[in-house]
Amino acid sequence: MEALRQIPPVNDVLRSPELVPYQSILETPFGNRVLDEVFGDFRRELSSNGATVSRRELTERIASEVAARIQSALKPSLRRVVNATGVVLHTNLGRAPLPVSAIEHLRDVAAGYSNLEFNLSDGTRGKRDVHIERLICRLLECEAAIVVNNNAAAVMLVLNTLAEGGEVVASRGEQLEIGGSFRIPEIINKSGARLREVGTTNRTRIRDYEKAINDQTRLLLRVHPSNFRITGFTERPSLQDIVRLGSDRNVPTFEDLGSGCLLDLRPQGIRDEPVVAESIRAGVDIVSFSGDKLLGGPQAGVIAGKRVYVARIRENPLFRALRVDKLTIGVLESVLMNYVAGRVDDLPGLQMLRASSDELKTRAESLASRLGKSARAIRLSSVAGGGSAPESLLPSWGVELEFKDLSSAELERRLRSADPPIIVRIENSRVVLDVRTILADEEPHVVASIQASANP
Ligand SMILES: *Cc1c(COP(=O)(O)O)cnc(C)c1O
């Protein structure tokens with residue numbers, strides 16, 4: 001154990017120049033643990049390998065390891081990345097990027113106090129939902145709205161409020177699972193209601209709903225099959241038929257719309273995504289949808305529709321458990337204001353979804369020319385992502401990269417280790433970058449990182 005005598009006293013390490021910037025951190029319990037861990041590791045290494053360096057060098061090596069571990073622990077784990085995959089609402093990459101105007105509004109209201117639940121006109125206690133409700137009601141022409149943590153929570157809350165202890169009638173063709181193991185039959189069970197399945201996987205008629213209604217029926221449920229499509233010999237009653245049946249038999253109707261498309265995106269090639277206002281117009285009592293799918297806002301679940309039902313949902317104690325904070329309300333309010341004012345292209349997610357193929361081609365060609373002969377502009381297909389419009393391929397453009405002596409797998413890895421990391425796709429064993437999801441101000445970083453990866 002002769003080698004262990006080479007270990008320097010802690011104070012020598014603490015005095016080394018490299019640790020000067022970390023003096024106050026080193027006095028915290030966290031700093032103490034890092035010191036203990038590093039000393040422990042060096043002791044183990046010395047006792048198995050013996051001392052090969054001078055004490056002075058050992059002091060420097062320990063100090064530099066301590067500095068590295070402190071830096072790595074204090075670096076944010078959630079980081080900005082460049083999304084070059086072409087998947088606009090990439091759930092693993094945080095779905096929609098938020099507009100700067102919304103972040104500025106948030107900075108303003110969140111850095112100080114706010115009137116979150118305070119009525120400025122008469123100084124009384126207010127409700128946090130009013131900030132969002134007024135905008136949703138304008139956009140959808142509905143009577144009332146509230147917001148919860150996400151659409152999964154919204155569906156749970158609606159089912160629990162309106163159907164606990166009774167039956168929910170829903171088609172066998174709409175028993176979907178979405179990412180993160182949200183399954184309609186399981187959610188109905190958890191809500192305390194019982195699922196009454198009707199029809200078959202491919203065909204369900206209004207007669208099937210009608211026959212299933214009995215004195216236990218509490219709700220008619222319609223679910224938008226967001227992430228899959230049933231094609232071929234299929235049939236599904238119209239929303240109007242379901243609404244009519246519900247109102248004839250005095251059973252409320254609830255539609256889980258999934259994405260929450262506030263605009264018709266068919267001209268952009270996004271097919272089969274129902275527009276929320278059309279469901280309200282068709283007379284559905286309650287709808288729910290996500291804030292961060294095709295709406296392009298923060299994670300949230302919006303519940304909107306008739307006042308009598310929204311009032312009951314708000315009184316459910318579960319609502320208190322699922323409510324959103326001022327951060328979500330601030331960002332969502334700002335995003336919804338863009339819709340009200342017709343400034344949808346200020347929302348980055350929507351702008352990406354609506355970008356034309358010509359515009360993307362110009363960007364791809366310009367990017368390729370800045371990258372030189374190893375890059376060429378190519379046609380690509382992007383998708384909306386986030387479990388929306390699974391069959392709609394959006395014609396897009398991007399660049400394909402090929403460097404001599406550099407495999408695509410290694411290039412992908414190098415770009416993923418750039419700062420900020422660049423997430424790409426590999427197609428036909430080549431690295432491709434879809435310009436649709438790359439923000440314009442990220443392009444210089446993309447060019448520089450590709451050049452650095454090719455000539456490390
Ligand atoms: C995405 C989706 C949900 C869940 O929405 P989150 O906001 O991700 O919780 C629920 N129902 C349908 C039909 C969906 O597409």
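Residues numbered from 1 in each chain as written. Predicted model: local features only at pLDDT ≥ 70, side-chain atom pairs only at ≥ 80, totals over all residues. Heavy atoms only, no water.

Draft legend 1. Geometry of the overall build of the protein chain. Each helix and strand in the protein chain was counted, giving 18 helices and 15 strands. For the C-alpha atoms alone, the extent of the protein chain along its principal axes is close to 90 × 55 × 50 Å. Within the protein chain, buried positions represent 49% of all 456 residues. Across the protein chain, contacts joining residues at least 24 apart in sequence account for 75% of those joining residues at least 6 apart. When the accessible area of the protein chain is evaluated, it comes to approximately 22700 Å², of which 48% is carbon and sulfur surface. The positive charge centre, built from 60 side chains, and the negative charge centre, built from 59, are 2 Å apart in the protein chain. (Helix = DSSP H or I, 4+ residues; strand = E, 2+ residues; numbered from the N terminus. Buried < 20%, exposed > 50% of the residue type's maximum accessible area, 1.4 Å probe, protein only. Contact = heavy atoms within 4.5 Å. Areas by Shrake-Rupley, 256 points an atom, 1.4 Å probe, with all protein chains shown as cover. Lys, Arg positive; Asp, Glu negative; His and termini not counted. Charge placed at Lys NZ, Arg CZ, Asp CG, Glu CD.)

Draft legend 2. Spatial organisation of the side chain of serine 288. Within the element layout of this structure, serine 288 appears in strand 9 (residues 286-290). A relative accessible area of 0% places serine 288 in the buried class. A distance of 2.9 Å separates polar atoms of two side chains, one belonging to serine 288 and the other to asparagine 151. The residues contacting serine 288, other than those within four sequence positions of it, are Asn151, Ala154, Val155, Phe254, Glu255, Asp256, Leu257, Gly258, Val302 and Ile303. (Polar contact = N/O pair within 3.5 Å; in protein donor to acceptor, adjacent residues only side chain to side chain.)

Draft legend 3. Geometry of the site of the ligand. Neighbouring residues of the ligand: 13 residues in total, closest Ala152, Ser226, Asp256, Ser290 and Lys293. Between serine 226 and the ligand, the recorded distance is 2.4 Å, taken from a side-chain N or O atom to an oxygen atom. A distance of 2.5 Å separates an oxygen atom of the ligand from a polar side-chain atom of serine 290. Contact with the protein chains removes 94% of the 380 Å² of surface that the ligand exposes when unbound. Looking at the shell around the ligand residue by residue, the class counts come to four nonpolar, six polar and three charged. (Near = heavy atom within 4 Å. Nonpolar A, V, L, I, M, F, W, Y, C, P; charged D, E, K, R; others polar.)

Draft legend 4. Helix 14 (residues 326-340), seen in detail. The terminal C-alpha atoms of helix 14 lie 21 Å apart, and with 15 residues this matches the ideal 21 Å at 1.5 Å per residue to within 8%. For helix 14, a buried count of eleven out of 15 residues is recorded, marking the element as mostly surrounded by other parts of the structure. Three or more residues of helix 14 are buried, namely Thr328, Ile329, Gly330, Val331, Leu332, Glu333, Ser334, Val335, Leu336, Asn338 and Tyr339. Residues of helix 14 that are buried sit in contact with helix 5 (100-110), helix 6 (130-140), strand 2 (144-148) and helix 15 (348-354). Just beyond helix 14, the residue with positive phi is glycine 342, at close to 70°. (Expected span 1.5 Å × (residues − 1).)

Draft legend 5. Quick look at the environment of valine 383. In this structure, valine 383 sits in the loop between strand 11 (375-382) and strand 12 (394-401). A sequence separation of 298 residues divides valine 383 from threonine 85, and the C-alpha atoms of the two residues are 9.4 Å apart. Among residues more than four places away in sequence, those in contact with valine 383 are Gly86, Val87, Val88, Ser392 and Leu393.

Draft legend 6. View of the packing of helix 16 (residues 357-371) against helix 18 (residues 443-454). The N-to-C vectors of helix 16 and helix 18 enclose an angle of 35°; their axes lie 10 Å apart at closest approach. The handedness of the crossing between helix 16 and helix 18 is right-handed. Along the contact surface, helix 16 presents Arg363, Leu367, Arg370 and Leu371, while helix 18 presents Glu443, Val447, Ile450 and Gln451. By residue class, the composition of the contact of helix 16 with helix 18 is four nonpolar, one polar and three charged. (Axes fitted to C-alpha atoms, helices over the stretch in contact; angles between N-to-C directions. Left-handed = near helix turned anticlockwise from the far one by under 90°.)

Draft legend 7. Examining the packing of helix 3 (residues 29-49) against helix 4 (residues 55-73) more closely. One way to put it is that helix 3 packs onto helix 4 with a least axis distance of 10 Å and a crossing angle of 135°. As the angle between them shows, helix 3 and helix 4 are arranged oblique. In this structure, the crossing between helix 3 and helix 4 has a hand that is right-handed. Seen from helix 3, the contacting residues are Phe30, Val34, Leu35, Glu37, Val38, Phe39, Asp41, Phe42, Glu45 and Leu46; seen from helix 4, they are Leu58, Arg61, Ile62, Glu65, Val66, Arg69, Ile70 and Ala73. Class assignment for the residues of the contact of helix 3 with helix 4 results in twelve nonpolar, no polar and six charged. (Parallel < 35°, antiparallel > 145°, perpendicular 65-115°, else oblique.)

Draft legend 8. Main features of the pattern of salt bridges. Per the counting criterion, the structure on display carries 39 salt bridges. A salt bridge links arginine 33 to glutamate 37; the shortest N-O distance between them is 3.5 Å. Pair noted here: arginine 33 and glutamate 37 are both in helix 3, with a separation of four residues, about one helical turn. The partner of glutamate 177 in a salt bridge is arginine 183, and the shortest N-O contact between them spans 2.5 Å. Each of Asp41, Arg44, Glu65 and Arg69 takes part in one network of salt bridges that share partners. (Salt bridge = Lys/Arg side-chain N within 4 Å of Asp/Glu carboxyl O.)

Draft legend 9. Seen up close, the sheet that holds strand 11. The four strands lie next to each other as 11-12-15-14, forming an open sheet whose pairing is antiparallel. Bordering the open sheet on either side are strand 11 and strand 14 (425-427), each of which pairs with just one other strand. Each adjacent strand pair in this sheet contributes to an overall mean axis angle of 45°, direction not counted. Of the pairings in the sheet, the one linking strand 14 to strand 15 (residues 430-434) comprises three bridges and is antiparallel in character. Among the inter-strand pairings, glutamate 427 is bridged to a residue of strand 15, identified as arginine 430. Along the sheet face, helix 17 (residues 408-416) touches strand 12, strand 14 and strand 15 and points at about 40° away from the line of strand 15. (Pairing = 2+ DSSP bridges.)

Spatial relationships are all this shows, so hold off on functional conclusions.
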